[in-house]
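Close look at the chain arrangement
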Amino acid sequence: MAFFQHAWEVIKNEIINALKHFHHHCHMVKCINASFISLIPKKKGAIELKDYRPISLISSVYKIASKLLAERLKTVIGKLVSGSQNAFVRGRQITDASLIANEVDKVDKGTCGVLFPQRGIRQGDPIAPFLYILAMEGLSKMLQTASHLQWIVPFKIGRNPGPQIDVSHLLYADDTLIFCGAERSQVTKLNRTLFIFEAISGLHMNMLKSTIYPVNEVPNMEELADIMGCKIGSFPSTYLGLPLGAKYKSTEIWTGIIEKFEKKLATWQMQYLSFGGRLTLINSVLDSLPTYYMALFQIPTGVLEQIDKLRRDFLWEGNSEDHKYHLVKWEKESLPKFQGGLGIKDLAAHNKSMMMKWLWRFNLEDAGLWKDVVIAKHGILDHWCTKASTLPYGVGVWKGIRRLWDTFVQQTHFEVGNGSLLRFWKDKWVGSTILQDDFPNLFRIAQDPNSVIAANREGNI
């Protein structure tokens, strides 16, 4: 980049002419499209080819053209791919797929296989991710067609009576999660569908890395696994790095996070670090370890206390084998610096804020597969939130998110549009309180206590 900025006046005409030629003729000189493959080791002591990650070193002119196309495609890619794809699409997040998978897992019987396409488009190319998900959209359409033809029966989400939604698959880059019935005929036709997709697209499903999971009791799992040529898994498992199928408020899913803490601390405790150095490591490294999990799962109290103890002991004791007194209370240390604290993150508050972001997105986003799934499964209370889940089983992760609604709504304020969605008496749209509390005598004689603002504009109080 520095070379292009420094020599732009010299090379700009040639670069622009090359891009114009590509734009008008949709053709690029073969040597410009050539690339060199560099093998980057995935781990220390890499020996076999599978231990390396191939990275393409492409020419600058090609990369500029590819970047221009990628920036243009980025603005419309959401309209070109289905809602089951969550990678590289603006407004969709990796946690969307994990939330859907955990909600679906608690619904019905069936099998779900995690499949990994092995051959993709070259790494290092700016447009490669978009071309890849466009290719995978072909698989999405084939699975939808298979579902419509009843070759595979998707999982049905929704209350009866009420709207229902079918979920047959989730795609995130090269991770594919497919839901279908636990019947030999369905799994056979699913296998044929994948085989046809491989033949058409050239993308290979690596069944050695694929796993088939039983949801509830499936007596013929070995037969189904033989048809697919993959191994059998069990819940709880992981999907996109997050737990899948774990029990509500399970502490087992946090074991890996605790182990990461202990591994980091074991390395640091062999070094002589100052108090300020240890504080920096806590704020910049340790506090970020559980963040990905906390975006979707409520951290149990016991796990939180264990993590706080690890951070607290490391801060005050460092590599000392002797116990040292902690001179400041942990609650004080967790305060922001402008309030006299050390700026150490309050993980409990951070966990709640990250989970409440789902409630914020629920209100701001008009549509999305994750939103359709939670509405269909839990029912809609009003325009702003779903109904609360009171069932002990089969509730997924949304139960914990929904429990934060009362806290969330106390910290929010509505701005009035046409007044068709906000309740005149019970929503916070004037100041920091609701009119029901400010004018209790008028509220008692109101004809419709749940009326919206638009109705009261016409005098229906």
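Counting restarts for each chain: residues are numbered from 1 in the order of the written sequence. At least 70 in pLDDT is required for a residue's local features to be given in this predicted model, at least 80 for side-chain atom pairs to be given and counted, and no such filter applies to totals for whole chains, interfaces and linings, which use all residues. Side-chain metrics rest on all non-hydrogen atoms present in the structure, leaving aside hydrogens and water.

To continue, consider a nonpolar patch on the surface. Only residues whose relative accessible area exceeds 30% and that take part in no salt bridge are eligible for patches, with like-charged residues grouped when within 9 Å of each other and nonpolar side chains (Val, Leu, Ile, Met, Phe, Trp, Tyr) grouped when within 5 Å. Note on areas: Shrake-Rupley with a 1.4 Å probe; residue coverage comes only from the protein chains shown. Within this document, salt bridges are pairs made up of a side-chain nitrogen of Lys or Arg and a carboxyl oxygen of Asp or Glu, the two lying within 4 Å of each other. Judged by side-chain polarity, Ile-37, Leu-39 and Leu-49 come together as a nonpolar surface patch covering roughly 330 Å² of accessible area. Secondary structure counts use DSSP, requiring at least four H or I residues in a row for a helix and at least two E residues in a row for a strand, with both numbered from the N terminus. The residue Leu-39 is located in strand β1 (residues 35-41) in this model. A simple rule labels every residue: compare its accessible area, found with a 1.4 Å probe on the protein chains alone, to the largest value its type can have, and call it buried under 20%, exposed over 50%, or partly exposed in between. A relative accessible area of 43% places Leu-39 in the partly exposed class.

Turning our eyes to something else, we now look at the pattern of salt bridges. If charged atoms from side chains of opposite charge come close, those side chains can pair. Considering all chains together, one arrives at 15 salt bridges under this definition. Linking Asp-96 and Arg-361 is a salt bridge whose minimum nitrogen-to-oxygen distance equals 2.8 Å. Placement of Asp-96 in helix α5 (residues 94-105) and of Arg-361 in helix α14 (residues 347-364) is noted, with a sequence separation of 265 residues between them. Take Asp-96 and Arg-361: they sit in the same class, and that class is buried. Each of Lys-67, Glu-71 and Lys-74 takes part in a single network of salt bridges with overlapping partners.

Of the two faces of strand β4 (residues 155-158), the one lined by Phe-155 and Ile-157 is fully buried and the one lined by Lys-156 and Gly-158 carries no buried residue. Both β4 and strand β5 (residues 164-167) contribute to a ladder of four bridges, which runs antiparallel. Across the sheet, the residue bridging to Gly-158 is Gln-164, located in β5. Pairs of strands are assigned from DSSP output, requiring at least two bridges between the strands.

Axis angle and axis distance: for two packed helices, these are the angle between their axes and the distance between the axes, and together they describe the pair. Packing of helix α6 (residues 128-148) against helix α7 (residues 184-201) leaves a shortest axis separation of 10 Å and a crossing angle of 150°. On the basis of the axis angle, α6 is roughly antiparallel to α7. Here α6 and α7 pass one another in a crossing that is right-handed. Here Ala-135, Met-136, Gly-138, Leu-139, Met-142, Leu-143 and Ala-146 of α6 lie close against α7, whose contacting residues are Leu-190, Thr-193, Leu-194, Ile-196 and Phe-197. To obtain each axis, a line is fitted to C-alpha atoms, and for helices this fit is confined to the stretch in contact; angles are then taken between N-to-C directions over 0 to 180 degrees. Working definition: roughly parallel below 35 degrees, roughly antiparallel above 145 degrees, roughly perpendicular at 65 to 115 degrees, and oblique for all remaining angles. If you view the pair so one helix is near and one far, a crossing is left-handed when the near helix is turned anticlockwise from the far one by less than a right angle, and right-handed when it is turned clockwise. Only heavy atoms enter the contact rule, under which two residues are in contact if any of them lie within 4.5 Å.

Two rings from Phe, Tyr or Trp (for Trp, the six-membered ring) form a pair when their centres sit within 6.5 Å of each other. Planes less than 30 degrees apart are called stacked, planes more than 60 degrees apart edge-to-face, and all others tilted. What the rule picks out here adds up to 16 aromatic pairs. When the ring of Phe-3 is compared with that of Phe-4, the centres are 5.6 Å apart and the planes differ by 75°; the resulting orientation is edge-to-face. A residue is classified by how much of its surface remains accessible, and Phe-4, at 19% relative accessible area, is buried. Here the aromatic residues Trp-358, Phe-362, Trp-370 and Trp-398 are joined through ring pairs into a cluster of three or more. A ring is scored as having a charge over it whenever the NZ atom of a lysine or the CZ atom of an arginine sits within 6 Å of its centre and within 35 degrees of its normal. Here Arg-312 stacks its cationic end above the ring of Trp-330, 5.8 Å away from the centre of that ring.

A few words on unusual backbone geometry. When glycine is set aside, most residues are seen to have a negative phi, and most peptide bonds are trans. Each neighbour pair has its own omega, and for Phe-235 with Pro-236 the value is 0°, a cis peptide bond. Residue placement: Pro-236 occurs in the loop between β9 (231-232) and β10 (237-239). For Cys-26, which is not glycine, the phi torsion reads 55° and is therefore positive. When you line up the elements, Cys-26 lands in the loop between α2 (8-25) and β1. For Gln-150, which is not glycine, the phi dihedral falls at a positive 65°. Checked against the element boundaries, Gln-150 lands in the loop between α6 and β4. Of the residues examined, Gln-150 reaches a relative accessible area of 53% and is grouped as exposed.

Take the side chain of His-378 next. With respect to the helices, strands and loops of the structure, His-378 is situated in helix α15 (residues 369-378). The buried category is assigned to His-378, whose relative accessible area is 2%. Any N or O atom pair separated by 3.5 Å or less is treated as a polar contact, with the protein-specific requirement of one donor-capable and one acceptor-capable atom, and with residues adjacent in sequence counted only for side-chain atom pairs. At 3.0 Å, the side chain of His-378 and the side chain of Glu-103 are in polar contact.

Take helix α8 (residues 221-228) next. Every buried residue belonging to α8 is among Met-221, Leu-224, Ala-225, Ile-227 and Met-228, and all of these are buried. Viewed along the axis of α8, the buried residues span an arc of 155°, placing them on a single side of the element. In this structure, α8 carries Glu-222 and Asp-226 as exposed residues pointing more than 90 degrees from its buried face. Backbone geometry just after α8 places Gly-229 at a positive phi near 75°. Arc definition: it is the arc formed by the directions from the helix axis to the C-beta atoms.

Attention now goes to the confidence of the model for the chain. As a per-residue measure, pLDDT tells how confident the predictor is, with possible values from 0 to 100. Summarising the model, the chain shows a mean pLDDT of 84, and 93% of its residues fall at 70 or more. When pLDDT is averaged over each element of the chain, helix α11 (residues 291-294) comes out on top at 93 and strand β3 (residues 110-115) at the bottom at 44. Here residues 109-120 scores under 50 on pLDDT; set against residues more than four positions off or in separate chains, the count is 71 contacts.

Another point: the packing of helix α10 (residues 275-284) against helix α12 (residues 301-317). Across the interface, α10 lies against α12 with an axial gap of 8 Å and an inter-helix angle of 160°. For the element pair α10 / α12, the angle class is roughly antiparallel. Residues Phe-275, Arg-278, Leu-279, Leu-281 and Ile-282 of α10 pack against Arg-311, Phe-314, Leu-315 and Trp-316 of α12. Residue polarity follows a fixed list, in which Ala, Val, Leu, Ile, Met, Phe, Trp, Tyr, Cys and Pro are nonpolar, Asp, Glu, Lys and Arg are charged, and the others, Gly among them, are polar. Its residues placed into classes, the contact of α10 with α12 shows seven nonpolar, no polar and two charged.

The next point concerns empty space enclosed by the protein. Residues are called lining when one of their atoms sits within 4 Å of a cavity or pocket point, these points coming from a 1 Å grid over the protein atoms alone, where a cavity is a set in which a 1.4 Å probe fits but cannot get out and a pocket is an open set with protein on both sides within 12 Å along at least five of seven lines. Grid points are joined across faces, edges and corners, and a volume is the space filled by probe spheres set on the points. In total, this model carries two cavities of 30 Å³ or more according to the counting rule given. Taken as a whole, the second largest cavity encloses approximately 40 Å³ of empty space. Taken together, Gln-298, Asn-351, Lys-352, Met-355, Gly-400 and Leu-404 form the lining of the second largest cavity. Tallying contributions element by element places α14 first for the lining of the second largest cavity, with three residues. By residue class, the composition of the lining of the second largest cavity is two nonpolar, three polar and one charged.

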